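In case you want the letters, here they are:
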Amino acid sequence: MATSFLVLTDFTPAADQALRYAAALAVPVKAALVVLHIRRETLLDPDTFNGSIRHLSEGEVAAALQERVKALAVPVTVESTVDSVEDALAEAVRRYAPALVVLGKPNTEGTPDELVSSTSLKLLRATHTPLLVIPQDSAATAPPRRLNIAADNSPIHFGVPPEGVRELLRVLQPHLTVTHIAAPEYSDTCTAALDAVTTSGLVTGLATRLHAHGTRHRSVPAGILQAAAETHADLLVLIARRRSFWGQLFNRSVTSQVILHGRLPMLLLPTAD
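In this text the structure is predicted, and so the values were computed from the model without any measurement.

Draft legend 1. Just helix α1 (residues 13-29), in detail. The end-to-end C-alpha distance of α1 is 25 Å, a good match for the 24 Å that 17 residues give at a rise of 1.5 Å each. Within α1, 12 of the 17 residues are buried, leaving the element largely enclosed by the surrounding structure. Residues of α1 that are buried: Ala14, Ala15, Asp16, Gln17, Ala18, Leu19, Tyr21, Ala22, Ala23, Leu25, Ala26 and Val29.

This is the structure we're talking about:
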């Protein structure tokens, strides 16, 4: 089956930027795009009551989709649905089996963390598919050349091997750095983190060498972002453990905090544990 990326759009600037990034990323791996517009027109949608949703007719939706995909240099399939985000995405993932789901993230720095919906973690829970989050204000270009893989010292077990991501790495051959964050009073050695990434299967068969970068910081999320800046990364890979996105307090997880405050594209890889 040909590689595909599934891109969510609601026609916002963040979604448009995510689509452009996904299209540029798809070119070197010869991937097709599936662009899914989820029409939020139900009275059960909480945003209905605050006036932030503009309801579009079927014709307007079709025209907006075509306007966005007509100049893309890769094969594109467009779809529109009125299902809930989780249900619509789960069904699209079932039918297309994409290597990645791509999602734009609007600027939420002015919003308290506890008021920000952890959409990315909910979508991971619904699909268990690698999720690429593109912040609206990200200046990173695609395809990425310097990747940071944030890893702790625990083994990494992927329920479903991320074959699409591994193929993407094989084609791009980026500079790969494994980052480990330690409290200031502890050693920031990356030996265990390197072993965890190596034995996970993520980099099996790659000719690219794994580099290591340890950072000491009181806050793990802030340390991850600091390490990404120190290594000049243009894409951050986060190991999203199952316990992080099945819990109820989404915004307190390390993964969610990095998503909330990161400005680099972030690739979330769900694990089985």
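Draft legend 2. Highlighting the nonpolar core. Formed by 48 residues in total, the largest nonpolar core has its most connected members in Phe5, Leu33, Leu100, Val102 and Leu132. The element best represented in this core is α1, accounting for 8 residues. With 29 residues, the next largest nonpolar core counts Leu36, Leu123, Ile224 and Ile259 among its residues.

Draft legend 3. Looking closely at helix α6 (residues 191-199). Within the sequence span of α6, burial applies to Ala193, Ala196 and Val197. Down the axis of α6, the buried side of the element spans an arc of 95°, and every buried residue falls inside it. After α6 finishes, the residue Gly201 shows a positive phi value of roughly 95°.

Draft legend 4. Structural view of the pattern of salt bridges. Inspection of the entire model under this criterion finds 11 salt bridges. Put simply, Glu163 and Arg166 hold a salt bridge, and the shortest N to O gap is 2.6 Å. Taken together, the residues Glu163 and Arg166, both in helix α5 (residues 163-172) and 3 residues apart, mark about one turn of the helix. Residue Glu163 is classed as partly exposed on the basis of its relative accessible area of 44%. Among the ionic pairs, Arg218 bridges to Glu185, the shortest N-O distance being 2.9 Å. Placement of the pair is Arg218 in the loop between β8 (210-216) and α7 (220-230) and Glu185 in the loop between β7 (175-182) and α6, with a sequence separation of 33 residues. Through salt bridges that share partners, Glu79, Glu91, Arg94 and Arg95 make up one connected network.

Draft legend 5. Up close: the environment of Thr215. Structurally, the position occupied by Thr215 is in strand β8. On the accessibility criterion, Thr215 (3% relative accessible area) is buried. Along the chain, Thr215 and Thr189 lie 26 residues apart, while their C-alpha atoms are 8.7 Å from each other. With residues up to four places along the chain from it excluded, the contact list for Thr215 reads His180, Ile181, Ala182, Asp188, Gly223, Gln226, Ala227 and Glu230.

Draft legend 6. Seen up close, the side chain of Arg166. Overall, Arg166 belongs to the buried group, its relative accessible area being 19%. A polar atom in the side chain of Arg166 sits 2.4 Å from the backbone oxygen of Gly201. The contact partners of Arg166, leaving out residues within four places of it in the chain, are Gly201, Leu202, Thr204 and Leu206.

So, how was this worked out
- Residues numbered from 1 in each chain as written.
- Predicted model: local features only at pLDDT ≥ 70, side-chain atom pairs only at ≥ 80, totals over all residues.
- Heavy atoms only, no water.
- Helix = DSSP H or I, 4+ residues; strand = E, 2+ residues; numbered from the N terminus.
- Expected span 1.5 Å × (residues − 1).
- Buried < 20%, exposed > 50% of the residue type's maximum accessible area, 1.4 Å probe, protein only.
- Core = buried A, V, L, I, M, F, W, Y, C linked by side-chain atoms within 4.5 Å.
- Arc of directions from axis to C-beta.
- Salt bridge = Lys/Arg side-chain N within 4 Å of Asp/Glu carboxyl O.
- Contact = heavy atoms within 4.5 Å.
- Polar contact = N/O pair within 3.5 Å; in protein donor to acceptor, adjacent residues only side chain to side chain.

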